Amino acid sequence: MAKYVKEILIRRDEIAAMCRRLGEKISADYADREVILIGVLKGAYVFMADLARCLTIPCRVDFMSVSSYGSGTRSSGVVRITKDLDMDITGKHIIIVEDIVDTGLTLNHLRQLLGTRKPASIAVCTAFDKPERRKVNVTVDYVGMQIPDEFIVGYGLDFDGKYRNLPDISILSDDSQGGAQ
Ligand code: 5GP
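Residues numbered from 1 in each chain as written. Predicted model: local features only at pLDDT ≥ 70, side-chain atom pairs only at ≥ 80, totals over all residues. Heavy atoms only, no water.

## A word on the sheet that holds strand 8 (residues 152–153)
Across the sheet, which stays open at both edges, the 3 strands sit in the order 1-9-8 with antiparallel pairing between neighbours. If you trace the sheet from one side to the other, it starts and ends with strand 1 (5–10) and strand 8, each paired once. Where strand 1 and strand 9 (residues 169–172) come together, 4 bridges link them in antiparallel fashion. Residue pairing in the sheet places V5 in a bridge with L172 of strand 9. (Pairing = 2+ DSSP bridges. Helix = DSSP H or I, 4+ residues; strand = E, 2+ residues; numbered from the N terminus.)

Printed below as a string of structure tokens:
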């Protein structure tokens, strides 16, 4: 294990099984519909790629980028769109794909914003969920795994831009928060 990792919380094989389970469920729920997966950058880029390949239904993908964190580990509550969708989602079935739902502030904002564009339906799929930390009540239709109130990195999730490439979900050692990878 790398010295900057204190503990592996979720192994890559558990994550792969989680993606397969979510893919089967979503494919069954949308059996006769076409969906647009909307990945929330940057954190969701790895999950989005895995989830998309576990779907057996026709889908399109698009991305948007929002900024809700500085370089710290807690939500600032400020959500800013830094890259909008390329596609018109009016009349389409969309699934917002998130890496993690924490306070729910980001998702709440996104759901409201995308709802104004009149899609046929909106669902949310998150890889990880920290329900203990929720500040707003927001519907999450598909949850990969619930996790305890720990700051995690890997599988797309970063600390100060680093560690997104770790294949397992990990908890950083205390001296890595701010140190070099
Ligand atoms: P929320 O608005 O729900 O508080 O935060 C959502 C965003 O905060 C996530 O998309 C992610 O970028 C970031 N975030 C929340 N919890 C964690 C965590 O444990 N680790 C990392 N790396 N990012 C987190």
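## As for the packing of helix 1 (residues 12–29) against helix 2 (residues 45–53)
Look at helix 1 against helix 2: their axes get within 8 Å of each other, and the N-to-C directions meet at 55°. Comparing the axis directions of helix 1 and helix 2 gives the class oblique. As helix 1 runs across helix 2, the sense of the crossing is right-handed. Here M18, C19, L22, G23 and I26 of helix 1 come into contact with helix 2, specifically with F47, D50 and L51. Residues of the contact of helix 1 with helix 2, tallied by class, amount to 6 nonpolar, 1 polar and 1 charged. (Axes fitted to C-alpha atoms, helices over the stretch in contact; angles between N-to-C directions. Parallel < 35°, antiparallel > 145°, perpendicular 65-115°, else oblique. Left-handed = near helix turned anticlockwise from the far one by under 90°. Contact = heavy atoms within 4.5 Å. Nonpolar A, V, L, I, M, F, W, Y, C, P; charged D, E, K, R; others polar.)

## Looking at the site of the ligand
By nearness alone, 17 residues border the ligand, and D99, T103, T106, I152 and D158 come closest of all. Contact between the ligand and G104: an oxygen atom at 2.9 Å from a main-chain N or O atom of the residue. Residue T106 places a side-chain N or O atom 2.4 Å away from an oxygen atom belonging to the ligand. Here the shell around the ligand takes 4 residues from strand 5 (residues 93–101), the largest share from any one element. Looking at the shell around the ligand, its residues break down into 7 nonpolar, 4 polar and 6 charged. (Near = heavy atom within 4 Å. Polar contact = N/O pair within 3.5 Å; in protein donor to acceptor, adjacent residues only side chain to side chain.)

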